[in-house]
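Descriptive analysis of the structure
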Amino acid sequence: MKTLCYHCGEIVPNGLNLSLKIEHTQQPMCCIGCQCVAQAIVDNGLGEYYRFRTAPAQKGEPLIPEQLQRNKLLDDDDLQSEFTYKTDDYNEAILTVDGISCAACAWLIEMQLIKVKGLININVNATTQRATIRWDNNNVQLSELINRIAKIGYQALPFKASTAEQLNKTQSNNYIKRLGISGILMMQVMMIAFGLYFGAFSGMDEYNLIYLRYASLFLTIPIVTYGALPFYKGAINALKIKRLSMDVPVAIAISLAFSASAWATITQQGEVYFESVSMFTFLLLIGKFLEFRARSRAAEVSANLLKLMPMTATKLINEDGIKKEILVPAKKLCPLDIVLIKPGEVVPADGTIISGSSQLNEAMLSGEQLPLNKAVGDIVFAGTINGDGNINVEVKHPSEHSFLSQLIRLSESSQAHKPKLAKLSDKIAQYFVAVILLTAIGTALYWHQHLPEEAFWITLSVLVATCPCALSLATPTALTCATTRLNREGIMIKSAHVMETLPKITTIAFDKTGTLTSGDFSINQTQLFDNEHYKYSEQQVLSIAAALESYSEHPLAKPFKLFRDYSYTTEQVEIKSGFGIQGKVNDKYYRIGKPQWLLSDTNKSTEFETASCLLLEDNELIAAFYLTDEIREDAKNLLGNLKKKNIHTIMLSGDHAVGCNKVQALLHLDEVHCTLSATDKMAIIKQQPNGSTIAMVGDGVNDTPVFGAAHISIAMGSGTDIAKSGADVILLNNRLKSVTTLTRVASKTRRIIWQNYLWAFGYNAIVLPLAVAGFITPYMAVIGMSASSILVITNSLRLLKK
């Protein structure tokens, strides 16, 4: 029996033993070309292609290098449909870009691609390490754009939630390894250096001192090679396209100081500075790692949103008059397809219910906890969760056009904002680095003519003394200390621009449920009615209701759990989707649910329209329950303080007008907007007067794009994980009054950052002419550089004090 190639379907030649593991099974291949193409498909996390393809693939042709072939594969329409948003005019995709370490990297990539014909737009987000690209497929292919990015040292792949998480873990492990190795070796080098400086080895023979120098040399090699590798890569990538970054002088200083110290050790002439190189590299690595941690937390938002989408869907087909259920990938659903959504399943695509009814939880889209009743003709959205009924849905949009996909694209677009302070730092660094390098070159030329034997050491003094270590530490150290202080207060900061923006806030917008209110429903009132046969007490009706509600996960059922009495036994309990629950409790038949369901008399039903649910024994009313979502205790105080500061307050809610008006009656906000979608909320934020600086406080997933549209986004600690990931600030202590603390610390942080910058530039302005003139030796330069860095750190540490 002849073996067929798993990739293209052709016969595998006799004696050829090529195979590849696909979905845990070794599959035969007919040639190296097919094997490489299949390998590329698997490596790009697109192995599902083989499970759901309708015909064998075209025979693969080997390409060199292999990476070009992998990128070319991404031009395939079938594979591209999994991660590309297509219109008649352009294609759009989100790429994960490995290797971005700062805003300059993002700028480099944008500059590299902006010249490509056919590229409509590119936006690189250094925080999330993602690029959103829009291109004309008739003029340029995706593979060409990815290859252009690869040419300047960055690896780009289509963004997928799972691969992004894995990439973040790998990068985090690499940083920790570099920090661990550099930190341990630095301590050993410093121990030797302190002994030499303070005379601990003064009685030793010369050859023992030489041995200690060689020991320091070998201990420093891993630090300046493995530990400092990110700085070398950053410098090389910048120089490739003839630009300067902060990594350039750092890389030059590390390389020259180590090379000079190594030469002094080998020739036994001059001073060594291994301890300075080690400490300098270690301090900068700490800054890089802290920056990476903040970026990776912020980058989780879209990944978590994508996880709301199911992988598969149950499609209903008609074969020869017989209805069948088949499992298909959710991304392959097309308009007019019919899908079956069972209780507890996630809706795979936007569509309209054509049969059945249920309650759907849309909290991930609207932020409101109450499930909505859906029946024939109602629209359902991808990513929402079906309650306790079977529904058949006719697909309205393919996955790339779904409401959730739009939400993800809105989030990516909103997060592309770059803080002003970061832009200022980048601009200053460009000129500052150029000045340092030009000054060092001029110094070398001058002293080479007048004092050749000292020219190198004077030039090194200029580079070391004026190295922008203090400048690079000015912002990260202040932000780290501020965030540590705020963490103690139960406030977590995720974005660096928060500290500069918060003091300028003029408007604060609040979500309602879970933000101004607790999000936890409670029983506000129990109304009892006389029964012909038996008079129930309040405790009894609550216990009966709790027994029935124990079968439901509905948010309105949760407050009854406090009154569960297990002496009340239940049987024949039945959940009526969208209406309520019925069953026997202690051999008596009860029903609990909506007034419209339980009361046939319209007038009587209207009388109880404000009641959350009613309880009936047989057909006789015995109790009515009124539930409320309580307003937070500190909400009124916070809004009062904001009014004193003349800060405009707005409520943006997806809830109905009745619920919003109840909150407004107690809190008196300046504006109230109800029944809003995520897009509506964004529109209101953008419609605020020019010059307004806006903060958004919320907790629902639909707040995520609004978070990006606002200047500052704040999530309550009780909010969903997805909203937390998209927010600039998370109030872990779940107290609204923490906004006041946050503003106070932010003002102090901004002041200290500017003090740090003033010192960093002031120090360089004083030291630079002295170093050029030869008055500062390399040893003094090291002390000066270290002192300037320590002063910046010490100044930042003041933020830790209350």
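This structure is a prediction, so every number in the text was calculated from the model and none was measured.

Side note on the overall build of the chain
The helix and strand tally for the chain stands at 29 helices and 29 strands. Burial statistics for the chain: of 802 residues in total, 52% are counted as buried. Taking as baseline every contact in the chain between residues at least 6 positions apart, the subset at least 24 positions apart corresponds to 66%. When the accessible surface of the chain is summed, it comes to about 37,400 Å², and 56% of that surface belongs to carbon and sulfur atoms.

Quick notes on the side chain of Ser796
Mapping Ser796 onto the fold places it in helix α29 (residues 778-797). Since its relative accessible area comes to 0%, Ser796 is described here as buried. A distance of 3.1 Å separates polar atoms of two side chains, one belonging to Ser796 and the other to Asn756. The contacts of Ser796, once residues within four sequence positions are left out, are Ala474, Thr477, Ala478, Cys481, Ile752 and Asn756.

Digging into unusual backbone geometry
Although it is not a glycine, Asp587 adopts a positive phi angle of roughly 70°. When its relative accessible area of 64% is taken as the criterion, Asp587 is described as exposed. A positive phi angle, near 60°, is found at Asn646, a position not held by glycine. Along the chain, Asn646 falls in the loop between α23 (635-644) and β25 (648-652).

A few points about helix α20 (residues 538-549)
Helix length check: α20 (12 residues) gives 16 Å between terminal C-alpha atoms against 16 Å at 1.5 Å per residue, within 8%. Among the 12 residues that make up α20, nine are buried, leaving the element largely enclosed by the rest of the structure. When α20 is considered as a whole, its buried residues turn out to be Val541, Leu542, Ser543, Ile544, Ala545, Ala546, Ala547, Leu548 and Glu549.

Things to note about the sheet that holds strand β10 (residues 338-341)
Spatially, six strands are ordered β9-β8-β10-β16-β11-β14 in an open sheet, and the strand pairing comes out antiparallel. The open sheet terminates on both sides in strands that have one partner only, identified here as β9 (322-329) and β14 (379-380). Strand direction decides the pairing type here: strand β8 (residues 312-319) and β9, joined by eight bridges, are antiparallel. The residue of β9 that forms the bridge with Lys315 is Ile326.

Some points on the nonpolar core
Ranked by size, the top nonpolar core spans 91 residues in total, and within it Ile254, Ile508, Phe510 and Leu516 carry the most contacts. The element contributing the most residues to this core is helix α28 (residues 738-772), with 12 residues. Those residues in contact with Ile254, other than ones at most four positions away along the chain, are Val224, Ala228, Phe231, Tyr232, Val277, Phe280 and Thr281. Counting residues in hydrophobic clusters, the runner-up holds 23 residues, among them Phe83, Ala131, Ile133 and Leu142.

Re the sheet that holds strand β27 (residues 694-698)
In space, the seven strands of this open sheet follow the order β17-β29-β28-β27-β18-β25-β26, with mixed pairing throughout. Among the strands making up the open sheet, the edge pair consists of β17 (491-493) and β26 (671-673). Taking each pair of neighbouring strands and ignoring which way they run, the sheet shows an average axis angle of 20°. Looking at chain direction, strand β28 (residues 712-716) and strand β29 (residues 729-731) are connected through three bridges and run parallel. From the neighbouring strand, Met716 faces β29, where its bridge partner is Leu731. Running over the sheet, helix α25 (residues 678-686) touches β18 (507-510), β25, β26 and β27 and is turned about 165° from β25. In the packing of α28 onto the sheet, the strands contacted are β17, β18, β28 and β29, and the crossing angle to β17 comes to about 45°.

Side note on the pairing of strand β6 (residues 130-135)
β6 sits mainly inside the fold: five of its six residues count as buried. Sheet topology places strand β4 (residues 91-98) next to β6; six bridges connect them, and they run antiparallel. Following the sheet pairing, Thr96 is matched in β6 by Arg130. With six bridges joining them, strand β5 (residues 119-125) and β6 adopt antiparallel strand pairing. Bridge assignment links Ile122 to a residue of β6, and that residue is Ile133.

Focus on the packing of aromatic side chains
Applying the stated rule across the entire model yields seven aromatic pairs. Taking 5.1 Å as the distance between ring centres and 85° as the angle between the ring planes, the aromatic pair formed by Phe560 and Phe625 counts as edge-to-face. With a gap of 65 residues between them, Phe560 in the loop between α20 and β20 (570-576) and Phe625 in strand β24 (residues 620-631) connect regions that are remote in the sequence. Exposure class is identical for Phe560 and Phe625. Each is buried. Ring centres of Trp754 and Tyr757 lie 6.0 Å apart, and the angle between their planes is 55°; on these two criteria the pair is classed as tilted. Of this pair, Trp754 and Tyr757 both sit in helix α28, three residues apart, which is roughly one turn of the helix. When its relative accessible area of 45% is taken as the criterion, Trp754 is described as partly exposed. The class of Tyr757 is buried, set by a relative accessible area of 8%. Seen from the ring of Tyr226, Arg178 lies directly overhead, with NZ or CZ sitting 4.8 Å from the centre.

Remarks on the packing of helix α8 (residues 206-227) against helix α9 (residues 229-240)
Packing of α8 against α9 brings their axes to within 5 Å, and their N-to-C directions diverge by 40°. For the element pair α8 / α9, the angle class is oblique. Residues Val224, Thr225, Tyr226 and Gly227 of α8 form the contact with α9, whose participating residues are Leu229, Pro230 and Tyr232. Of the residues belonging to the contact of α8 with α9, the class tally is five nonpolar, two polar and no charged.

Looking at the pairing of β28
Counting buried positions along β28 gives five out of five residues, so the element sits mostly inside the fold. Neither face of β28 is left uncovered, since the one carrying Ile712, Ile714 and Met716 and the one carrying Ser713 and Ala715 both have all their residues buried. Relative to β28, β27 runs parallel, the two being bridged by four bridges. Each bridged residue has a counterpart across the sheet, and for Val697 the counterpart in β28 is Ile714.

Points about a nonpolar patch on the surface
There is a patch of nonpolar side chains on the surface, built from Trp107, Met111 and Ile114 and spanning about 260 Å² of accessible area. For Met111, the position within the fold is in helix α5 (residues 103-113). Accessibility expressed as a relative area gives 32% for Met111, which makes it partly exposed.

Concerning the pattern of salt bridges
Using the criterion set out here, one finds five salt bridges in the structure. Put simply, Arg134 and Glu92 hold a salt bridge, and the shortest N to O gap is 2.6 Å. Residue Arg134 is located in strand β6, and its partner Glu92 is located in strand β4; the two are separated by 42 residues in the primary sequence. Owing to a relative accessible area of 29%, Arg134 belongs among the partly exposed residues under this scheme.

Thoughts on the environment of Thr87
Summarising the element assignment, Thr87 is placed in the loop between β3 (84-86) and β4. The exposure class of Thr87 is partly exposed, given its relative accessible area of 27%. Placed 49 residues apart in sequence, Thr87 and Asp136 show a C-alpha to C-alpha distance of 10.0 Å.

A short note on the environment of Thr225
The residue Thr225 is located in helix α8 in this model. Overall, Thr225 belongs to the partly exposed group, its relative accessible area being 42%.

About the criteria used
Residues numbered from 1 in each chain as written. Predicted model: local features only at pLDDT ≥ 70, side-chain atom pairs only at ≥ 80, totals over all residues. Heavy atoms only, no water. Helix = DSSP H or I, 4+ residues; strand = E, 2+ residues; numbered from the N terminus. Buried < 20%, exposed > 50% of the residue type's maximum accessible area, 1.4 Å probe, protein only. Contact = heavy atoms within 4.5 Å. Areas by Shrake-Rupley, 256 points an atom, 1.4 Å probe, with all protein chains shown as cover. Polar contact = N/O pair within 3.5 Å; in protein donor to acceptor, adjacent residues only side chain to side chain. Expected span 1.5 Å × (residues − 1). Pairing = 2+ DSSP bridges. Core = buried A, V, L, I, M, F, W, Y, C linked by side-chain atoms within 4.5 Å. Axes fitted to C-alpha atoms, helices over the stretch in contact; angles between N-to-C directions. Phe/Tyr/Trp six-rings, centres within 6.5 Å; stacked < 30°, edge-to-face > 60°. Lys NZ or Arg CZ within 6 Å of the ring centre and 35° of its normal. Parallel < 35°, antiparallel > 145°, perpendicular 65-115°, else oblique. Nonpolar A, V, L, I, M, F, W, Y, C, P; charged D, E, K, R; others polar. Patch = residues over 30% accessible without salt bridge, like charges linked within 9 Å, V, L, I, M, F, W, Y side chains within 5 Å. Salt bridge = Lys/Arg side-chain N within 4 Å of Asp/Glu carboxyl O.

Functional significance is not addressed by these values, which are geometric in nature.
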